[in-house]
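Summary of structural features
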Amino acid sequence: QLDPENTGFIRVETFASLVHSHELPLDPAKLDMLVALAQGNDEGQVCYQELVDLISSKRSSSFKRAIANGQRALPRDVLLDETGLGFYKRFVRYVAYEILPCEMDRRWYFYQHRTCPPPVFMAAVTLTQIIVFLCYGARLNKWVLQTYHPEYMKSPLVYHPGHRARAWRFLTYMFMHVGLEQLGFNALLQLMIGVPLEMVHGILRISFLYLAGVLAGSLTVSITDMRAPLVGGSGGVYALCSAHLANVVMNWAGMRCPYKLLRMVLALVCSEYPPLGRAVWLRFAPPLPASGPQPSFMAHLAGAIVGISMGLTILRSYEESLQDQCGWWVLLLSYGTFLLFAVFWNIFAY
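Residues numbered from 1 in each chain as written. Predicted model: local features only at pLDDT ≥ 70, side-chain atom pairs only at ≥ 80, totals over all residues. Heavy atoms only, no water.

Per an unreviewed UniProt entry, the protein chain is named Rhomboid-related protein 1, and its organism is Himantopus himantopus. You can read under Catalytic activity (unreviewed entry) in the UniProt record for the protein chain the words "Cleaves type-1 transmembrane domains using a catalytic dyad composed of serine and histidine that are contributed by different transmembrane domains." Heading Function (unreviewed entry) of the UniProt record for the protein chain holds this comment: "May be involved in regulated intramembrane proteolysis and the subsequent release of functional polypeptides from their membrane anchors." (UniProt positions renumbered as here; feature names shortened; annotations may be inferred.)

Here's what the structure looks like:
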């Protein structure tokens, strides 16, 4: 009756009166998004397919284009002004404002967020690192500068130049740490930055970014610091941190984090200086004489490069498919070329 010509569109005023007169049980947030979509097109009409997609919690490509090209103006107040939320929903809202630069995307994420699946990857990696550290600490009776113990480098998890043929070491070194300080910094950053990123972007994107930083770190060390062993998950941590910080800088105007400039400075100081400075100090000016070379710091730099390059593409849109982005394939090809070069280097350069 409202669309006699079967065009699939009705005016937004007609739809609003229909909702009011029939008291349709629509989510107010979804209704706001539908009205914002209608405001974004030239004729101010509501599309039937967009209504179906919205009710079924699906955002088609046309839906996302309409959001991107629309006014992005919501009739109601911003999400930050909502009151009466429980602790978990307040945490989800906090994550939305920390990670996403657009109010429409924040609202969509907030209302579509589900507790299942939980952010298990970063939690599992951090828990495994803590367990491995405790086991080696108890076994060696040493909790600081464990790399100075002669038995430490015999672990099958440590990346060591003399055992590069054991390919698993290029990844498993992320479970080993020099001491409590390195473990503490990595675990804290993984939980504070990695868990919110995984909540928004999902386990596949964040695990890929983290492991890409870890693998790039060990391969970079095998090329640039050929005699140094490597321990710690700093390559993956720096990939996450640099990707998040770069994303915040690129979307500075849209981020609504309180005191964001001060927090950015503190994040840079806390994430960059202590781990990297300590790694450089241990590499070139060890406090105690050791029988072999000290762990390299090049994994930190390699992880940061991976985060800035690949991370910006991965975190640009928490819903946009990576397969549809041309830049993603260019970066993936570049990363694959680096991996291939590093593999051949490790085979033939020694």
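Don't stop here, the text continues.
Regarding the overall build of the protein chain
In terms of helices and strands, the protein chain carries 14 helices and two strands. Every one of the 350 residues in the protein chain was classed for burial, and the buried ones make up 49%. Accessible surface, the protein chain as shown: approximately 17900 Å² in total, 66% of it carbon and sulfur. (Helix = DSSP H or I, 4+ residues; strand = E, 2+ residues; numbered from the N terminus. Buried < 20%, exposed > 50% of the residue type's maximum accessible area, 1.4 Å probe, protein only. Areas by Shrake-Rupley, 256 points an atom, 1.4 Å probe, with all protein chains shown as cover.)

Some points on helix H11 (residues 234-250)
Compared with an ideal rise of 1.5 Å per residue, which puts 17 residues at 24 Å, H11 spans 24 Å between its outermost C-alpha atoms and is within 8% of the ideal. Counting buried positions along H11 gives 15 out of 17 residues, so the element sits mostly inside the fold. (Expected span 1.5 Å × (residues − 1).)

As for the packing of helix H10 (residues 203-224) against helix H14 (residues 326-348)
Between H10 and H14, the shortest axis-to-axis distance is 10 Å and the interhelical angle comes to 35°. Relative to H14, the crossing made by H10 is left-handed. Of H14, the residues touching H10 (which contributes Phe208, Ala212, Leu215, Ala216, Leu219, Thr220, Ser222 and Ile223) are Trp328, Leu332, Tyr335, Phe338, Leu339, Phe341, Ala342, Trp345 and Asn346. Partitioning the contact of H10 with H14 into residue classes produces 14 nonpolar, three polar and no charged. (Axes fitted to C-alpha atoms, helices over the stretch in contact; angles between N-to-C directions. Left-handed = near helix turned anticlockwise from the far one by under 90°. Contact = heavy atoms within 4.5 Å. Nonpolar A, V, L, I, M, F, W, Y, C, P; charged D, E, K, R; others polar.)

Looking at the nonpolar core
In this structure, Tyr109 and Tyr210 are the most contacted members of the largest nonpolar core, which totals 73 residues. Looking at this core, the element that brings in the most residues is H10, giving nine residues. Taken domain by domain, the makeup of this core includes at least three residues from each of domain 1 (9-69) and domain 2 (120-349). Each residue touching Tyr109, except ones within four places of it in the same chain, is listed here: Val92, Val95, Ala96, Leu100, Met199, Val200 and Tyr318. (Core = buried A, V, L, I, M, F, W, Y, C linked by side-chain atoms within 4.5 Å. Domains from an automatic or database assignment.)

Quick notes on the UniProt feature "transmembrane region" (unreviewed entry) in the protein chain
In the numbering used here, UniProt assigns the feature "transmembrane region" (unreviewed entry) to residues 120-139, 170-191, 203-223, 235-253, 297-315 and 327-348. Secondary structure content for residues 170-191 is 68% helix and 0% strand, while the C-alpha to C-alpha distance between its ends is 23 Å. Secondary structure across residues 203-223 divides into 100% helix and 0% strand, with the first and last C-alpha atoms of the span separated by 30 Å.

Some words on the packing of helix H5 (residues 87-99) against helix H9 (residues 180-201)
With their axes 10 Å apart at the nearest point, H5 and H9 run at an angle of 90° to one another. Judged by the angle between their axes, H5 and H9 are roughly perpendicular. The segment H5 lies against H9, with Tyr88, Phe91, Val92, Val95 and Ile99 engaging Pro196, Leu197, Met199, Val200 and His201. Split into classes, the residues belonging to the contact of H5 with H9 amount to nine nonpolar, one polar and no charged. (Parallel < 35°, antiparallel > 145°, perpendicular 65-115°, else oblique.)

Things to note about the environment of Lys89
Mapping Lys89 onto the fold places it in helix H5. Take Lys89: its relative accessible area is 28%, and that puts it in the partly exposed class. Sequence separation between Lys89 and Phe110 is 21 residues; the distance between their C-alpha atoms is 8.0 Å.

Remarks on the side chain of Arg164
The topology assignment puts Arg164 in the loop between helix H7 (120-140) and helix H8 (169-172). Although Arg164 is buried, it makes no salt bridge; Asp225 carries the closest opposite charge, 9.7 Å away. (Lys, Arg positive; Asp, Glu negative; His and termini not counted. Salt bridge = Lys/Arg side-chain N within 4 Å of Asp/Glu carboxyl O.)

Notes on H10
Taking 1.5 Å of rise per residue, 22 residues should cover 32 Å, and H10 covers 31 Å from first to last C-alpha, within 8% of that figure. Within H10, 16 of the 22 residues are buried, which leaves the element mostly enclosed by the surrounding structure.

Some points on the UniProt feature "active site" (unreviewed entry) in the protein chain
Mapped onto the present numbering, the UniProt feature "active site" (unreviewed entry) falls on Ser234 and His300. These residues run over 67 residues, yet every pair of their C-alpha atoms falls within 5.6 Å of each other. Assignment of secondary structure puts Ser234 in helix H11. A relative accessible area of 3% means that Ser234 is categorised as buried.

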